[in-house]
Amino acid sequence: MAPSDLPLWHAWEAGLSADKSPHPLGFRCGFAHLARARARYRVAVAYRGLSLDGFAFSTTDAYSALVGLVLAYGAFEQYAVGLGHKKQAARTKWFGDFLPADADASIRSHDPDGCIFNLISSKVEGPVFDEVQRFRDRKDYCPSVLAAAVRHVFVHGILAATSNGAKPSNVASLCRNLSELLLGGLAEDFQTRVRRWQSLP
């Protein structure tokens, strides 16, 4: 079975001009960059987890979800850069339009004791720290920045399945939730752009 693809990708590709430019969709990149973001999206959607010998299921599941978030964020980041959003703050402008109404409540439900984000906030700096702090203070924030923070702390070897007393099941569910938001927002944005392009005279 072929991996899931970006919605309407093939419909758009079939109608491309000879230069294959994605500029009519609002991208500021060439076809090769957008194709790379699409490839990363397909890998992230097709990912089914890790197999770790000698580890408990809950621990394996947490690490599987953490790696899945790394893949999802890689796709999201390449796509956002293709739109010209090279800074994290700018990426929130388009991403926020596609968040479900219950996104905040869902994210908070995975870290009821604050174990995960207390650790995350102590290991990030600058604008990312500010955004994590806004989340902790229950102010407006963007989940894509939270995802970036979790990914950063994990890939640098700090965040583990039980870090700071967190439950592996909560780490797993949080990462899957964030991954779904990133990939869902990306797919919805691309589909919206293609439909708008298709409606042009």
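None of the values given here were measured: they were computed from a predicted structure.

Student: Sorry, what's going on with the packing of helix α2 (residues 31–46) against helix α3 (residues 57–82) here?
Tutor: Packed helix pairs are characterised by how far apart their axes lie and by the angle those axes make with each other. The interhelical angle for the contact between α2 and α3, taken along N-to-C directions, is 160°, at an axis separation of 8 Å. Considered as vectors, α2 and α3 are oriented roughly antiparallel to each other. When you trace α2 past α3, the crossing you get is left-handed. When α2 is examined against α3, the residues His33, Leu34, Arg36, Ala37, Arg40, Tyr41, Val43 and Ala44 are found in contact with a partner set consisting of Leu71, Ala72, Gly74, Ala75, Gln78, Tyr79, Val81 and Gly82.

Student: Looking at this structure, how should I read the pattern of salt bridges?
Tutor: According to the stated counting rule, one finds five salt bridges in the structure shown. Taking the shortest distance from any N to any O, the salt bridge between Asp61 and Arg176 comes out at 2.6 Å. Of this pair, Asp61 sits in helix α3 while Arg176 sits in helix α9 (residues 168–198), and the two are 115 residues apart along the sequence. Taking the relative accessible area as the measure of exposure, Arg176 reaches 35% and is therefore partly exposed.

Student: Where do I start with the state of the cysteines in this structure?
Tutor: Two cysteines form a disulfide when their sulfur atoms are joined by a covalent bond. Taken as a whole and judged by the stated rule, the model has zero disulfides. Unpaired in this structure, Cys115 has its nearest cysteine sulfur neighbour in Cys175, at a distance of 14 Å. Of all cysteine sulfurs, the one in Cys175 lies closest to Cys142, which takes part in no disulfide; the gap is 16 Å. Cys142 sits in the buried class, given a relative accessible area of 4%.

Student: Explanation requested: the nonpolar core in the structure shown.
Tutor: Across soluble globular proteins, you tend to see nonpolar side chains buried next to one another. Counting 62 residues, the largest nonpolar core has Trp12, Tyr79, Ile107, Phe117, Ile120, Val150 and Phe190 as its most contacted members. Per element, the largest residue contribution to this core is 13 residues, and it comes from α9. In this view, Val150 contacts Leu66, Leu69, Phe117, Ile120, Leu159, Cys175 and Leu178; residues no more than four positions away in its chain are not counted.

Student: Just to check I follow, could you spell out the packing of aromatic side chains for this structure?
Tutor: The relative placement of two aromatic rings is captured by the distance of their centres and the angle of their planes. What the rule picks out here adds up to 15 aromatic pairs. Seen in terms of ring centroids, Phe27 and Phe190 are 6.5 Å apart; in terms of plane orientation they differ by 50°. Their pairing is tilted. A residue pair is termed long-range when its members are at least 10 positions apart, and Phe27 in the loop between α1 (9–14) and α2 and Phe190 in helix α9 qualify at 163 residues. The exposure class assigned to Phe190 is buried, which follows from its relative accessible area of 0%. Linked through ring pairs, Trp9, Trp12, Phe27, Phe31, Tyr73, Phe76, Tyr79, Trp94, Phe95 and Phe190 together constitute an aromatic cluster. The ring of Phe135 is capped by Arg108, whose NZ or CZ atom sits 4.1 Å from the centre of that ring. The ring of Phe27 carries the charged tip of Arg193 above its face, separated from the ring centre by 5.6 Å.

Student: Help me understand unusual backbone geometry, please; the structure alone is not making it clear to me.
Tutor: Only a minority of non-glycine residues have a phi that is not negative, and only a minority of peptide bonds are not trans. Even without being a glycine, Arg138 presents a positive backbone phi close to 60°. The topology assignment puts Arg138 in the loop between α7 (126–136) and α8 (143–155). The phi torsion at Asn164 lies on the positive side, around 60°, for a residue other than glycine. Tracing the chain through its elements places Asn164 in the loop between α8 and α9. A relative accessible area of 47% means that Asn164 is categorised as partly exposed.

Reading guide: rules and limits
- Residues numbered from 1 in each chain as written.
- Predicted model: local features only at pLDDT ≥ 70, side-chain atom pairs only at ≥ 80, totals over all residues.
- Heavy atoms only, no water.
- Axes fitted to C-alpha atoms, helices over the stretch in contact; angles between N-to-C directions.
- Helix = DSSP H or I, 4+ residues; strand = E, 2+ residues; numbered from the N terminus.
- Parallel < 35°, antiparallel > 145°, perpendicular 65-115°, else oblique.
- Left-handed = near helix turned anticlockwise from the far one by under 90°.
- Contact = heavy atoms within 4.5 Å.
- Salt bridge = Lys/Arg side-chain N within 4 Å of Asp/Glu carboxyl O.
- Buried < 20%, exposed > 50% of the residue type's maximum accessible area, 1.4 Å probe, protein only.
- Disulfide = S-S within 2.5 Å.
- Core = buried A, V, L, I, M, F, W, Y, C linked by side-chain atoms within 4.5 Å.
- Phe/Tyr/Trp six-rings, centres within 6.5 Å; stacked < 30°, edge-to-face > 60°.
- Lys NZ or Arg CZ within 6 Å of the ring centre and 35° of its normal.

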